Amino acid sequence: MNSPASQNESTKNPRSDQNQPVAKHAKHPPLHRGTGGLVSARLAAWESMSGSDDKDEYDTASGSDASSKTPPVSFTGAQLTLAWSRGRREDIVHAETLFRRAVVATNDSAEDWVATGQALEASGQGSRYVQKIYAKAIRLDDTLSSGWVGMGRTLCRAGGAIDDVVYCLYRALKIDLDQADVWLQLGLLLKTHLGDRTGAMHALTMATYCAPDCADAWCALGYTLEAESKGLEAKEAYEMATALDPSNSSALVNLGCLHQNSFGDLSAAEACFRSAVTADATCARAHYCLGWLLHSKGELYAAATAFSHAVHFDGEYADAWGALGHLLHTAPPDVVALGAEAFRTGLTRGTSETDSWFEFACHVQTTEGGLAGAKLAYRYALVANPDNADEWFNLASLHRDLGNTPLAASLYKHVLEINPSHQHADWLRAWMARA
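All figures in this text were calculated on a predicted structure; none of them were measured in a lab.

1. What about the overall build of the protein?
Check the secondary structure of the protein and you find 22 helices and zero strands. Split into buried and exposed, the 435 residues of the protein put 50% on the buried side. Total accessible area computed for the protein in this model is approximately 20,000 Å², and 51% of it derives from carbon and sulfur atoms.

Below is the structure:
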């Protein structure tokens, strides 16, 4: 092609885990504030978020009106523990009823309110009034760490303000620093949603300190260190994660990307990607990263098979669809012919569906002519992510290569509408001026 390479950001081996969250928050919520006006205002806001139609639901024994609140029995701590265990293992609905009655019987116990909130979460209840329950617990005793953790978890699930979630986690940690899971969640939130890498690194380091055997904490710390260009430290963190959990596909893929992108060690990278695929054959990202590594080695057919596996396990993986489109767009005719022949062989053997989407696309491309298979892959990529300017660019370039200049010009224009500062913006404007 005469244009800048249509290989875009999606065709580069990613260096980070999609599921991993990163760090600059304007200012961390203060840890020294007590239960004064700030906390009261937050609690009032959290309580009002869930609406008023269920305002007394958590005060009733089993959904009855307020006049029948008095329970027939008083529940002891041992009964509460039994109910919680029973709810976790056997009968969550029954446990929920027990806890509601317990809360009514001892409605000045913050521990009971927290236990009720946990039971309702376990039973699949939404956040409509669960956050009210945690707010009640915090009002009764704001030194109960589990109340703040529960409130933060509920707000996060409900799509609440990230600052509020972070605030809850900070309050919980102020009460008890030895909570690895809370440090981990805090670090991920700071990194992903607030861009506070420094805060995230501190939180994730604390998570590994509190739970040195937590592979997820080491993996998240490695990603944060990698983002800070601390490759050797990141490598050590990923290796610790994989040593603790050899089946941790996220850590294996991240370590592979680090070997490939930072150290140029393709052999080590390939070993990591293949280990990730072995550990979790459904990990689309592992297949995708392996595909690009094989592509860089010139093993186009093997790369296409890896990309096909990626879209098989995640049909909305836009980057993998784009990679397939790029490969079909640029692959030599003999590779396409080989894929088409493999597809036809599969059909003659009686299989209704080939294992490789690439082979099907090769069949389409040889049957319909032109670059029909590549066009199909790009379209799937755009269905998965319609705002991906790079894939629109690739689709436009494909139509340009097919001689459809008017459509190519229209699509190139759309690229600039989505992203006026696209990496090929100057070339696009110059091309459209000539077209």
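That was the structure; now back to the text.
2. Details of the packing of helix α15 (residues 300-313) against helix α16 (residues 318-330)
Where α15 contacts α16, the axes come no closer than 9 Å and their chain directions differ by 150°. Taken together, the axis directions place α15 and α16 in an arrangement best described as roughly antiparallel. Judged by the twist between their axes, the crossing of α15 over α16 is left-handed. Residue-level inspection shows Leu300, Ala303, Ala304, Phe307, Ser308, Ala310 and Val311 of α15 in contact with α16, the latter providing Ala320, Trp321, Ala323, Leu324 and Leu327. Split into classes, the residues belonging to the contact of α15 with α16 amount to eleven nonpolar, one polar and no charged.

3. Things to note about the packing of aromatic side chains
Tallied over the entire structure, the rule returns 15 aromatic pairs. When the centroid spacing of 4.9 Å and the interplanar angle of 85° are considered together, the rings of Trp321 and Trp357 count as edge-to-face. Note that Trp321 is positioned in helix α16 and Trp357 in helix α18 (residues 357-368), a separation of 36 residues in sequence. Classification of Trp321 by relative accessible area gives buried; the value is 6%. The exposure class assigned to Trp357 is buried, which follows from its relative accessible area of 14%. Every member of this aromatic cluster is reached through a ring pair, and the members are Trp321, Phe343, Trp357, Phe360 and Tyr380.

4. Quick look at helix α12 (residues 249-261)
End to end, α12 covers 18 Å across 13 residues, agreeing with the expected 18 Å (1.5 Å per residue, within 8%). Looking at the packing, one finds that the buried side of α12 touches α10 (215-227), α11 (231-244), α13 (266-279) and α14 (284-296).

5. A look at unusual backbone geometry
Although it is not a glycine, Ser229 adopts a positive phi angle of roughly 60°. Inspection of the secondary structure puts Ser229 in the loop between α10 and α11. In this structure Ser229 comes out as exposed when scored by relative accessible area, which is 69%.

6. With respect to the packing of α12 against α13
α13 packs onto α12 with a crossing angle of 165° between their chain directions and a minimal axis gap of 8 Å. Here α12 is positioned roughly antiparallel relative to α13, judged by the angle of their axes. By crossing handedness, the relation of α12 to α13 is classed as left-handed. Packed against α12, whose contacting residues are Ser249, Leu252, Val253, Leu255, Gly256, Cys257, His259 and Gln260, the element α13 presents Leu266, Ala268, Ala269, Cys272, Phe273, Ser275, Ala276 and Ala279 at the interface. Grouping the amino acids of the contact of α12 with α13 by side-chain chemistry returns eleven nonpolar, five polar and no charged.

7. Some remarks on the nonpolar core
Counting 57 residues, the largest nonpolar core has Phe273, Tyr288, Phe307, Leu324, Leu328, Trp357 and Phe358 as the members making the most contacts within it. No other element matches the eight residues that α14 contributes to this core. The next biggest cluster of nonpolar side chains, apart from the first, holds 53 residues, and it includes Ala137, Leu194, Ala200 and Trp218.

8. Some thoughts on α14
Its 13 residues place the ends of α14 19 Å apart at the C-alpha level, agreeing with the 18 Å of an ideal helix rising 1.5 Å per residue. Among all positions of α14, only Ala284, Arg285, Ala286, His287, Tyr288, Cys289, Leu290, Gly291, Trp292, Leu293, Leu294 and His295 are buried. In the segment just after α14, Gly298 is the residue with positive phi, at about 85°.

9. What about the confidence of the model for the protein?
Summarising the model, the protein shows a mean pLDDT of 78, and 72% of its residues fall at 70 or more. Confidence drops under a pLDDT of 50 for residues 1-37, and excluding neighbours within four residues, the segment shows 119 contacts in the predicted structure. For the stretch residues 50-78, pLDDT sits under 50, and the model shows 41 contacts to residues farther than four places along the chain or on other chains.

The rules we used
Residues numbered from 1 in each chain as written. Predicted model: local features only at pLDDT ≥ 70, side-chain atom pairs only at ≥ 80, totals over all residues. Heavy atoms only, no water. Helix = DSSP H or I, 4+ residues; strand = E, 2+ residues; numbered from the N terminus. Buried < 20%, exposed > 50% of the residue type's maximum accessible area, 1.4 Å probe, protein only. Areas by Shrake-Rupley, 256 points an atom, 1.4 Å probe, with all protein chains shown as cover. Axes fitted to C-alpha atoms, helices over the stretch in contact; angles between N-to-C directions. Parallel < 35°, antiparallel > 145°, perpendicular 65-115°, else oblique. Left-handed = near helix turned anticlockwise from the far one by under 90°. Contact = heavy atoms within 4.5 Å. Nonpolar A, V, L, I, M, F, W, Y, C, P; charged D, E, K, R; others polar. Phe/Tyr/Trp six-rings, centres within 6.5 Å; stacked < 30°, edge-to-face > 60°. Expected span 1.5 Å × (residues − 1). Core = buried A, V, L, I, M, F, W, Y, C linked by side-chain atoms within 4.5 Å. pLDDT = per-residue confidence, 0-100.

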